[in-house]
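# Observations on chain architecture
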Amino acid sequence: MFQIKLNREKEGSRISVKEGRLTIDCTRCPGPGSVEDRQCLTCICDSAKDVSEIDSIMLHGVTDTSFQGDALALIRELVSVYSVMTMDPGDRRGTRCRGCRNSYRRLTADQIRCFPDVDTDLLKQRAMQTKVQNEVCEICLSDSIRLFDHLQSMLSDIKSATSAGCE
């Protein structure tokens, strides 16, 4: 499995935002644009995480796909989860913490590749089993556990919304 990185300098802008519509150019991506594809969903979330207001999302490829209404609301929720997963709260603590093997970024690295099938229980277990080396580590690990609880709550809300929509 490969990660999709948007390199806007070499490839030109692959995303654009105009009047609340986020358009993602999928012409260079393999396969059709679909939220059922994990790579595509990750790309959508990565593209949308820095956009404040989105009224619709358009995947521009061989076949254009548009998301609005309930589908857009669920994608926005997944974008929020992805944003929490990819944030790095250790950045504010300095370079020593950023490189730490117990940092939030390192604890979540393998689960980001599994997005949106995130095992929050595993993440919390990792953080709780980590040996605290000093006061800063204790604060960092408690922040991580709090964020993992938040992720679990967000994912539960998404699952309940999608199961309610199927009834």
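Everything quoted here is computed from the prediction, not taken from an experiment.

## Considerations on the overall build of the protein
Along the backbone of the protein there are 7 helices and 4 strands. If you list the helices and strands of the protein from N to C, you get α-β-β-α-β-β-α-α-α-α-α. A buried classification covers 37% of the 167 residues belonging to the protein. Across the protein, the fraction of contacts at a sequence separation of at least 24, relative to all contacts at a separation of at least 6, is 62%. Counting only carbon and sulfur atoms, one obtains 49% of the accessible surface of the protein, whose full area is about 10100 Å².

## Overview of the pattern of salt bridges
Tallied over the entire structure, the rule returns 6 salt bridges. The residue Arg146 makes a salt bridge to Asp143 at a minimum N-O spacing of 3.9 Å. With Arg146 and Asp143 both in helix 7 (residues 135-165) and 3 residues apart, the pair spans about one turn of that helix. A relative accessible area of 14% places Asp143 in the buried class.

## Brief notes about the side chain of Ser56
Mapping Ser56 onto the fold places it in strand 3 (residues 56-60). Assessed through its relative accessible area of 7%, Ser56 is described here as buried. A distance of 3.2 Å separates the side chain of Ser56 from the side chain of Arg21, its partner in a polar contact. Leave out the neighbours within four places in its chain, and Ser56 touches Gly20, Arg21, Leu22, Phe67, Gln68 and Leu72.

## Some points on unusual backbone geometry
Residues apart from glycine generally show negative phi values, whereas peptide bonds are mostly found in trans. Of note, the bond from Phe115 into Pro116 is cis; its omega dihedral lies within 30 degrees of zero at 5°. Inspection of the secondary structure assignment puts Pro116 in the loop between helix 5 (104-113) and helix 6 (120-129).

## Thoughts on the sheet that holds strand 1 (residues 15-18)
Spatial strand order, 1-2-3-4: 4 strands in an open sheet with mixed pairing. Edge positions in the open sheet fall to strand 1 and strand 4 (65-67), since each of these has one partner strand only. Neighbour to neighbour, the strand axes of the sheet diverge by 15° on average, direction disregarded. Strand direction decides the pairing type here: strand 2 (residues 21-25) and strand 3, joined by 5 bridges, are parallel. Note on strand 3: the bridge partner recorded for Thr23 is Met58. Of the strands in this sheet, strand 1, strand 2, strand 3 and strand 4 touch helix 2 (residues 38-48), which is tilted by about 130° from strand 2.

## Some remarks on helix 3 (residues 69-86)
Look at helix 3: 26 Å from first C-alpha to last across 18 residues, which is about the 26 Å you get at 1.5 Å a residue. Here helix 3 has its buried residues at Leu72, Ile75, Leu78, Val79, Val81, Tyr82, Val84 and Met85.

## A few points about the confidence of the model for the protein
Counting all residues, the mean pLDDT for the protein is 80, and 80% of those residues have values of 70 or more. Helix 6 holds the highest mean pLDDT among the elements of the protein, 92, whereas helix 1 (residues 8-11) holds the lowest, 39. Within the model, the stretch residues 1-12 combines pLDDT values under 50 with 18 contacts to residues more than four positions away or in other chains.

Calculation criteria
Residues numbered from 1 in each chain as written. Predicted model: local features only at pLDDT ≥ 70, side-chain atom pairs only at ≥ 80, totals over all residues. Heavy atoms only, no water. Helix = DSSP H or I, 4+ residues; strand = E, 2+ residues; numbered from the N terminus. Buried < 20%, exposed > 50% of the residue type's maximum accessible area, 1.4 Å probe, protein only. Contact = heavy atoms within 4.5 Å. Areas by Shrake-Rupley, 256 points an atom, 1.4 Å probe, with all protein chains shown as cover. Salt bridge = Lys/Arg side-chain N within 4 Å of Asp/Glu carboxyl O. Polar contact = N/O pair within 3.5 Å; in protein donor to acceptor, adjacent residues only side chain to side chain. Pairing = 2+ DSSP bridges. Axes fitted to C-alpha atoms, helices over the stretch in contact; angles between N-to-C directions. Expected span 1.5 Å × (residues − 1). pLDDT = per-residue confidence, 0-100.

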